[in-house]
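Here is what each chain is made of, one letter per residue.
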Amino acid sequence: MKFTIFTLFIIGLSFCHAQNTQLSGSVKDTLDQPLPNANILAFPQESGFQTRFAISSPQGLYKLQLERNVSYRVEVSYMGFAKISDTISLSEDTVRDFKMKPLSDQLGEIVIKQRLAVKVREDTITYRTDNFVTGEERKLRDILKKLPGVEIDRDGNATVNGKEVTKLMVEGKDFFTGDEKLGVNNIPADAVDEVEAIDNYNEVAFLKGLSDSDKMVLNIKLKEGKKKFAFGDIEVGGGLEDRYLIHPNLFYYSAKTAVNAIGDFINIGQKSFTLSDYINFEGGFSLLSKDPSAYFNLGNDDFAQFLNNDDFVYNKNEFGAFSISQELSKSTNIDAYSIVSNGKLEARNESDFTYLTGEQQEENRTTTTNNNLLFTLNKLRLRYIPDSGTDLYAASYLKTSKGDGLNHVLSQTPDQNTFVDTQTQPQSLDFKTELSFNRQFSYKHTSTVEAAVQYSQNNNDRDWLFNRPVFSGVIPFNAEDDTYNLVQTTRSRNYDFNINAKHYWVLHRFHHIYPEVGINVTHQNYTTLDTQRLNDGSRLDFTSSGFNNDLFFKLSDSYFGFQYKAKADDVIFKPGLFYHYYSWSVDQFETQEVGKGKPVLLPELLVEWEISSGEKLRLKYNRLSQFGNASQLANRLRLSSFNGLFSGNENLENQLSHSASLFYSKFSLYRGIFMNAGLSYRHTEDAIRNTTQIEGIDQINTLIYTDLPENSYGTNASFSKKISDYRFTLGGNLNLSDYSRIINNATLAYNSVNYGYNFKTETSFDTWPNLETGLRHSFSDFSSDSFESTFQRITPFAYLDYDFLEDFILKASYEFTYYENKAQNQINHFQEAGASLFYQKEGSAWGFELEAQNIFDIRFRASNFFSQFLITDQRTFIQPRTLIFKVTYKL
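Residues numbered from 1 in each chain as written. Predicted model: local features only at pLDDT ≥ 70, side-chain atom pairs only at ≥ 80, totals over all residues. Heavy atoms only, no water.

Asks: If you had to explain the overall build of the protein chain to someone new, which residues and values would you point to?
Replies: When helices and strands are tallied, the protein chain shows eight helices and 49 strands. Taking 891 residues into account, the globule formula puts the C-alpha radius of gyration at 29 Å, and the protein chain, at 30 Å, falls close to it. Dimensions of the protein chain along its principal axes, counting C-alpha atoms only, are 100 × 65 × 55 Å. Buried positions account for 48% of the 891 residues belonging to the protein chain. Total accessible area computed for the protein chain in this model is approximately 42,400 Å², and 54% of it derives from carbon and sulfur atoms. In the protein chain, which carries 89 positive and 112 negative side-chain charges, the distance between the mean positions of the two groups comes to 6 Å. (Helix = DSSP H or I, 4+ residues; strand = E, 2+ residues; numbered from the N terminus. Rg over C-alpha atoms; globule rule 2.2 N^0.38 Å. Buried < 20%, exposed > 50% of the residue type's maximum accessible area, 1.4 Å probe, protein only. Areas by Shrake-Rupley, 256 points an atom, 1.4 Å probe, with all protein chains shown as cover. Lys, Arg positive; Asp, Glu negative; His and termini not counted. Charge placed at Lys NZ, Arg CZ, Asp CG, Glu CD.)

Written out as structure tokens, the structure reads:
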């Protein structure tokens, strides 16, 4: 109720303030032809108001929202035409048409450099930031939020005209890993001159138009005084209960050299490096398209598990990042970066489990975790471009991690209590070298060759201490020993090599053919050893009871095929067909258990229709093939959790599935509309799936290769409309799936339905508080022949951003979460809030900020999960209320 009253008060106050008038009309040349993408700017002649901006539509139309009775200098500009300038003040909506004259000079042609506020050229939009900023911006994100068509969420993820940004560059060079969040949240605003949004970006210039790219990239151009200059800032802070923050940023740029350094020493509950950052470093969604198995394996490695704890009661990070880019010559560039992080995390979870088998066993479980992790990410890259038709690229990557963890588990059931202490020591090393050579022989013939070699090793030592023998009858514990101490060592070694050659043959301007050939080779060695440590220090080996693995897996994937690309009017049609031959063998304890080979045909299709400059439709289809890894093929038992055993299956083969999607997007700066909608379908032919044997809460999982039916369907849509100083956004999604699993030797059919909607309203006032407020509402339904579970989650939210008294910035956030498990009639709700007040006198290098997190001091967040045999109600404890005072100094 308080949230509703507060929100309605702010919105009502904002509407009362909204005294806007509309200036609209057309921009045409002297021949009465419309001029699309013309810039119309209105500069307020009074302090306290923002510059207003519009771009003319393809029909030359424009709209500007101006403050009533405020004097503006209106400028209309278009490349190659004389600028129009006039002063106006509106008391009511007004229509005004502009006619522009071509630039000319009686003494001859003059080349005139015009700097438009926004310049649209093919796939590139260039924003001149001076026309949009007020001087109160602190970081790059504050500038981007004011650019037309650019959206920034609270984490720093950016979209341009509804399309997600995948990379950030500064002066044409990658900013560290290219992850936009690092730059958006750290680059000082006063260093930015222009922002380029480049769609369909390709690092190799002459491959644009040949090699398909759906990347959206931001390139930041620095002000003249910052192009050979050191700049940055430092932020320090302290608070109650020994909370602290030290955050230095240092940047140096010159014509040939760029150096960036970022540090973070913090224990106030903010992570310096997250799981999403790690996945982006490894290639993000581009890796998903190249190697789906590698992408999904990322989330399961030990390093990712340490990063995956987003909620914690205590978190300390020591983070450092350094990058350098050097132009060795006009044709040669070298760049490198290194990221080092040392983190400590303490977490606590309480869970109630309902097992949907037999008598529906109930379990209450409390888990506390203490983890430490040191990791490094390093890259060295060389690029050689001797001429416009040659591009040579070489890069080496080194990733290391070392951690230790201590977990305490208390599991309570009506029958027994289980206490488990687990010490974990994961360690990994990953080294990869890539080489790419691209050559354009002529307009009709271009070739690329790419090769990569990778070595990785992962070690994990686990020490389990139980109060009772678990899985009695399966794990042969020595019952005469008064402790049940299971020691597990896991080792994996992977060697990968791949090479690919592709030729781009332009048969005709609108007809291309792309033959391609390559091979991927992987060798994987995977060993596990589970033993019992006895009181006298000796070990009891479990090998004779079906435990422990020493597996060697070899896989060769040879392939060739082609893609054909044709264009008719505004439609691109691109079918393809690839032939793969897989050859693999599996050796367990030096005895070959499997040696096979099989061919697979993988068709694909891409159809793109550019309905207009701001409206597109894309249809995509692929047949996908994916092999498992050595850990899935290892067919002997190992302990995976205190109540879980796992064994793989040496007879697994490649998974096969069909994937189809349809995506529609439309944007219009003139109408203030952004729209996206998508449909997706996936059918699995052959899959690797778990079969589970459950007794009480104990589970034994084994993998099988199956053709059990499995389908998933999805749709999502979002619509955004800007009216005056308000933006309204509505979105929704629906995901359906049906599949079967084998539980206790019975094949069970399952259906899952997840759907939801969200809406929000944002304001963009000059002098009044700006508010983003809305609601997220999601539903989940999971059912089989024997049960049905239904959940819903409702989250209203509000974010306030208010610049006042010229030197103060107030920010606040509030979320209320209502969670309901309808099947068990359980309801949870909690509210979260944070606020900060920042002060910096205009022209001063010093800034001061007071920040509060978890204002209501809530203890935990509640959530629900479900699977084929398990319903989980979970309470994840979070860091208590934090109050911190910060001081910043701009270098």
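Asks: Residue-level account of the packing of aromatic side chains, with values.
Replies: Per the stated rule, a full pass over the model turns up 28 aromatic pairs. Each ring, one from Tyr 814 and one from Phe 856, has its centre 6.0 Å from the other, and the planes form 85°; the classification is edge-to-face. One end of the pair, Tyr 814, is in strand β44 (residues 808–821); the other, Phe 856, is in the loop between β46 (846–853) and β47 (860–866), and 42 residues separate them in sequence. On the basis of relative accessible area, Phe 856 is assigned to the partly exposed category, the value being 39%. One aromatic cluster is present, built from ring pairs that chain together Trp 464, Phe 466, Phe 477, Tyr 484, Phe 542 and Phe 547. We note Arg 348 situated over the ring of Phe 877; from NZ or CZ to the ring centre the distance is 5.2 Å. (Phe/Tyr/Trp six-rings, centres within 6.5 Å; stacked < 30°, edge-to-face > 60°. Lys NZ or Arg CZ within 6 Å of the ring centre and 35° of its normal.)

Asks: Now, about the sheet that holds strand β12 (residues 158–160): what can you tell me, with residues and values included?
Replies: As summarised here, the arrangement of the three strands in space is β11-β12-β13, forming an open sheet in which the pairing is antiparallel. Of all the strands in the sheet, just β11 (150–152) and β13 (163–164) have a single pairing partner and so form its edges. Of the strand pairs in this sheet, β11 and β12 are connected by three bridges, and their pairing is antiparallel. Bridging across to β12, Val 150 finds its partner in Val 160. (Pairing = 2+ DSSP bridges.)

Asks: Before we move on, could you go through the sheet that holds strand β5 (residues 71–77) and cite the residues and values that matter?
Replies: Taken together, the four strands give an open sheet; going across it, the order is β3-β2-β5-β6, and neighbouring strands pair in antiparallel fashion. Where the open sheet ends on each side, the last strands, each with one partner, are β3 (52–55) and β6 (84–89). Each adjacent strand pair in this sheet contributes to an overall mean axis angle of 20°, direction not counted. Pairing analysis gives six bridges linking strand β2 (residues 39–44) to β5, with the strands arranged antiparallel. Its bridge partner being in β5, Phe 43 is matched across the sheet by Arg 73. (Axes fitted to C-alpha atoms, helices over the stretch in contact; angles between N-to-C directions.)

Asks: If you had to explain the nonpolar core to someone new, which residues and values would you point to?
Replies: Tyr 127, Leu 144, Phe 175 and Leu 218 are the most contacted members of the largest nonpolar core, which has 45 residues in total. Ranked by residue count, the leading element in this core is strand β17 (residues 216–222), at four residues. Ignoring any residue separated from it by four or fewer positions in sequence, one finds Tyr 127 in contact with Ala 117, Val 118, Leu 147, Pro 148, Val 150, Val 160, Asp 193, Glu 194, Val 195 and Ala 197. (Core = buried A, V, L, I, M, F, W, Y, C linked by side-chain atoms within 4.5 Å. Contact = heavy atoms within 4.5 Å.)

Asks: Quick one: what's the story with the layout of surface pockets, residue by residue and with numbers?
Replies: The space that makes up the second largest pocket amounts to roughly 920 Å³. In terms of lining, the second largest pocket is formed by 41 residues, of which the most central are Met 169, Gly 172, Lys 173, Tyr 201 and Glu 203. Looking at the lining of the second largest pocket, the elements with two or more residues in it are β14 (167–170), β15 (173–174), β16 (192–199), β20 (257–266), β21 (314–327), β22 (332–355), β23 (362–384) and β24 (390–412). Considering each element in turn, the lining of the second largest pocket owes the most residues, four residues, to β22. Of the residues that constitute the lining of the second largest pocket, the class distribution is 14 nonpolar, twelve polar and 15 charged. (1 Å grid on protein atoms, 1.4 Å probe; cavity = no way out; pocket = protein on both sides within 12 Å on 5 of 7 lines; lining within 4 Å. Points joined across faces, edges and corners; volume = space filled by probe spheres on them. Nonpolar A, V, L, I, M, F, W, Y, C, P; charged D, E, K, R; others polar.)

Asks: An account of the pattern of salt bridges is requested, with residue identities and associated values reported.
Replies: Tallied over the full model, the rule gives 41 salt bridges. The shortest N-O distance in the salt bridge between Asp 32 and Lys 28 comes to 4.0 Å. Its salt-bridge partner being Glu 363, residue Arg 365 comes within 2.9 Å of it at the nearest N-O pair. A single burial state applies to Arg 365 and to Glu 363, both of which are buried. (Salt bridge = Lys/Arg side-chain N within 4 Å of Asp/Glu carboxyl O.)

Asks: I'd like to hear about the pairing of strand β42 (residues 770–784), residue by residue, with values.
Replies: Burial of β42 is extensive: 13 of the 15 residues sit out of reach of the surface. Bridge count between strand β41 (residues 746–763) and β42: 13 bridges; the pairing is antiparallel. Directly across from Asn 754, in β42, lies its bridge partner Ser 780. Between β41 and β42, which pair antiparallel and follow one another directly, the connecting turn spans six residues. In this structure, β42 lies alongside strand β43 (residues 788–804), joined through 14 bridges in antiparallel fashion. Bridging from a neighbouring strand, Glu 772 pairs with Tyr 799 of β43.

Asks: Tell me about the side chain of Ser 492, residues and numbers included.
Replies: Secondary-structure assignment places Ser 492 in strand β27 (residues 484–508). Leaving out residues up to four positions away in the same chain, Ser 492 has contacts with Ser 456, Gln 457, Asn 458, Asn 525 and Tyr 526.

Asks: I'd like a rundown of the pairing of β44, residues and numbers included.
Replies: Strand direction decides the pairing type here: β43 and β44, joined by twelve bridges, are antiparallel. Counterpart to Phe 797 in the pairing with β44 is Glu 815. Following β43, the chain reverses through three residues before pairing antiparallel with β44; Leu 805 in that reversal takes a positive phi of roughly 50°. Strand direction decides the pairing type here: β44 and strand β45 (residues 826–839), joined by 14 bridges, are antiparallel. If you follow Ser 813 over to β45, its bridge partner there is Gly 834.

Asks: Now, about the confidence of the model for the protein chain: what can you tell me, with residues and values included?
Replies: In this model, the protein chain carries an average pLDDT of 87, and 91% of its residues clear a pLDDT of 70 or more. Low confidence marks residues 1–6, where pLDDT is under 50. Its contacts with residues over four positions away, or in another chain, come to six contacts. (pLDDT = per-residue confidence, 0-100.)

Asks: Please provide a residue-by-residue account of the environment of Val 27, values included.
Replies: Structurally, Val 27 can be placed in strand β1 (residues 20–29). What makes Val 27 buried here is its relative accessible area of 0%. Between the C-alpha atom of Val 27 and that of Thr 332, which follows or precedes it by 305 residues, the distance is 45 Å. Residues in contact with Val 27, not counting those within four places in the same chain, are Gln 33, Pro 34, Leu 35, Ala 38, Ile 40, Gly 60, Tyr 62, Val 76, Phe 98 and Met 100.

Asks: Lay out unusual backbone geometry in plain terms, naming residues and giving numbers.
Replies: For Glu 590, which is not a glycine, the phi torsion comes out positive at approximately 65°. Among the secondary structure elements, Glu 590 is positioned in the loop between β31 (571–588) and β32 (591–612). Phi at Asp 857 is positive, roughly 55°, even though this residue is not glycine.

Asks: Break down the side chain of Lys 565 for me, with residues and values.
Replies: As for its position among the elements, Lys 565 is in strand β30 (residues 549–568). Apart from residues lying up to four places away in sequence, Lys 565 is in contact with Gly 209, Leu 210, Asp 212, Phe 510, His 511, His 512, Tyr 514, Ile 572, Phe 573 and Lys 574.

Asks: Provide a residue-level description of the environment of Ser 323, including the pertinent values.
Replies: Among the structural elements, Ser 323 can be located in strand β21. Placed 148 residues apart in sequence, Ser 323 and Phe 175 show a C-alpha to C-alpha distance of 8.0 Å.

Asks: How would you summarise the environment of Gln 853 if you had to cite specific residues and measurements?
Replies: Mapped onto the secondary structure, Gln 853 falls in strand β46. What makes Gln 853 buried here is its relative accessible area of 18%. On a C-alpha basis, the gap between Gln 853 and Thr 51 in space is 34 Å, while along the polypeptide they are 802 residues apart. Polar side-chain contacts of Gln 853 include one of 3.0 Å to the side chain of Glu 851. (Polar contact = N/O pair within 3.5 Å; in protein donor to acceptor, adjacent residues only side chain to side chain.)

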